[in-house]
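Structural overview for review
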Amino acid sequence: MSYGQGGPQSQWDPWKPNSQQPWSSGGDDGTPDWAALAEASETRTKRRKLLFIGGGALATVAVGTAVAMAVVSANGGDDPQAGPSNLPASASVPGSGSAEPSFEPTSAPPPLDPKDFISSAKKDTAPLSPVTLFPGTRLTMGDTVYKKGATADTTNCASAVGGNLPKVLTANGCTRLIRASYAKDGIAVTVGVAVFDTEAQATKARTEAGSKKSLVHSLPGKGIKNFCDAAICRTTTNAYGRYAYFTISGFTSGKNVTTKDTKVFGAGDDLAQFAFNQIHRRGEAQASAAANHQ
């Protein structure tokens, strides 16, 4: 009895483990095909070499990338302000130059000093009168309201003053004296503004006059009774720019003023401050007009 080989012959795959290796079909002596086995072994060896070479190349690329990343990180770090480190010696980052922009200057010129316009007759040319110097019919200083009385304007300065003031004003070249009176609650004040050509003349007149030996004549009228004709009154003397200004204040009842009469002192101070303010505003107006024409 003979036995045949049933079923399909098993296929040998050199890459599959435990697969059946083919035997030579040329003989039935059971001897393996040594040539085929050698060829298969050689094929496997070549493939392992290829895989090793390919894996080595990939590893090299990975290492190279890691090194490059390390270099970039070392150069730049996490600081967003860090710049490139491989610029040529003569190169510079755009926008890092020190050249100044060539814009035209646009700043406004310094403001003009109002006092410059009231320090000499050459620059102080705005209209001047009792109306421009003492406008309105009332004067409000803080919480106090004074009623305006009479005004006067003369080029004979000595005729409107007393004490040593006639001599002082004449010697220093006073060209004009403008007066106005104000009253409240039985207290009256006359303020007089003497006009000179220069600031130096006005300053010298103030220094020579003193506050106790000089006085401007009180000016009654328009609802204000005579005052300071014979009674003791309080006087002040000041100067600003080319103007010297004086006050005399007292009671319309004829009573003498003492150091305890603070309301009289306050009224005189208010009118002296008002005179200064008006002279300064005159300078401001002319400085503003001159600035607008530059």
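Below: a short report on this structure. Fair warning: this is a prediction, and the values are worked out from it, not measured in the lab.

1. A closer look at the state of the cysteines
For the structure shown, the criterion picks out 2 disulfides. Between the sulfur atoms of C228 and its disulfide partner C233 the distance amounts to 1.9 Å. In this structure, the disulfide formed by C228 and C233 twists by about -105° around the S-S bond and is classed as left-handed. According to the relative accessible area criterion, C228 is buried, its value standing at 14%.

2. Concerning the nonpolar core
Ranked by size, the top nonpolar core spans 27 residues in total, and within it F134, Y182 and V193 carry the most contacts. Sorting the residues of this core by element identifies β1 (138-141), β4 (176-184), β5 (187-195), β8 (243-251) and α6 (262-292) as the ones contributing at least two each. Looking at this core, the element that brings in the most residues is α6, giving 7 residues. Ignoring any residue separated from it by four or fewer positions in sequence, one finds V193 in contact with L133, F134, R176, L177, I178, Y243, A244, Y245, A275 and I279.

3. Considering unusual backbone geometry
Despite not being glycine, K222 shows a phi value in the positive range, around 55°. Summarising the element assignment, K222 is placed in the loop between β6 (214-216) and β7 (234-240). Residue K222 is classed as exposed on the basis of its relative accessible area of 65%. With a phi close to 60°, C228 is a non-glycine residue in the positive phi region. Its location among the elements puts C228 in the loop between β6 and β7.

4. Things to note about the pairing of β5
Among the 9 residues of β5, 9 are classified as buried, and the element is accordingly described as predominantly covered. The side-chain alternation of β5 yields two buried faces, one formed by I187, V189, V191, V193 and V195 and the other by A188, T190, G192 and A194. Of the pairings in the sheet, the one linking β4 to β5 comprises 9 bridges and is antiparallel in character. Directly across from I178, in β5, lies its bridge partner V193. Hairpin connection of β4 to β5: 2 residues between the antiparallel strands, including D185 at a positive phi of 50°.

5. A closer look at the sheet that holds β8
Strand order in the open sheet formed by 6 strands is β1-β2-β4-β5-β8-β7, with antiparallel pairing between adjacent strands. Each of the sheet's edge strands pairs with one partner strand only, and the pair in question is β1 and β7. Within this sheet the neighbouring strands show an average axis-to-axis angle of 25°, counted without direction. Two strands pair when backbone bridges link them, and β1 and strand β2 (residues 144-154) are joined in this way by 4 bridges, in the antiparallel orientation. When the bridges of β2 are listed, T140 appears paired with V145. On top of the sheet, α6 reaches β1, β2, β4, β5, β7 and β8; it is set at about 155° to β8, its chief contact.

Parameters and conventions
- Residues numbered from 1 in each chain as written.
- Predicted model: local features only at pLDDT ≥ 70, side-chain atom pairs only at ≥ 80, totals over all residues.
- Heavy atoms only, no water.
- Disulfide = S-S within 2.5 Å.
- Buried < 20%, exposed > 50% of the residue type's maximum accessible area, 1.4 Å probe, protein only.
- Core = buried A, V, L, I, M, F, W, Y, C linked by side-chain atoms within 4.5 Å.
- Helix = DSSP H or I, 4+ residues; strand = E, 2+ residues; numbered from the N terminus.
- Contact = heavy atoms within 4.5 Å.
- Pairing = 2+ DSSP bridges.
- Axes fitted to C-alpha atoms, helices over the stretch in contact; angles between N-to-C directions.

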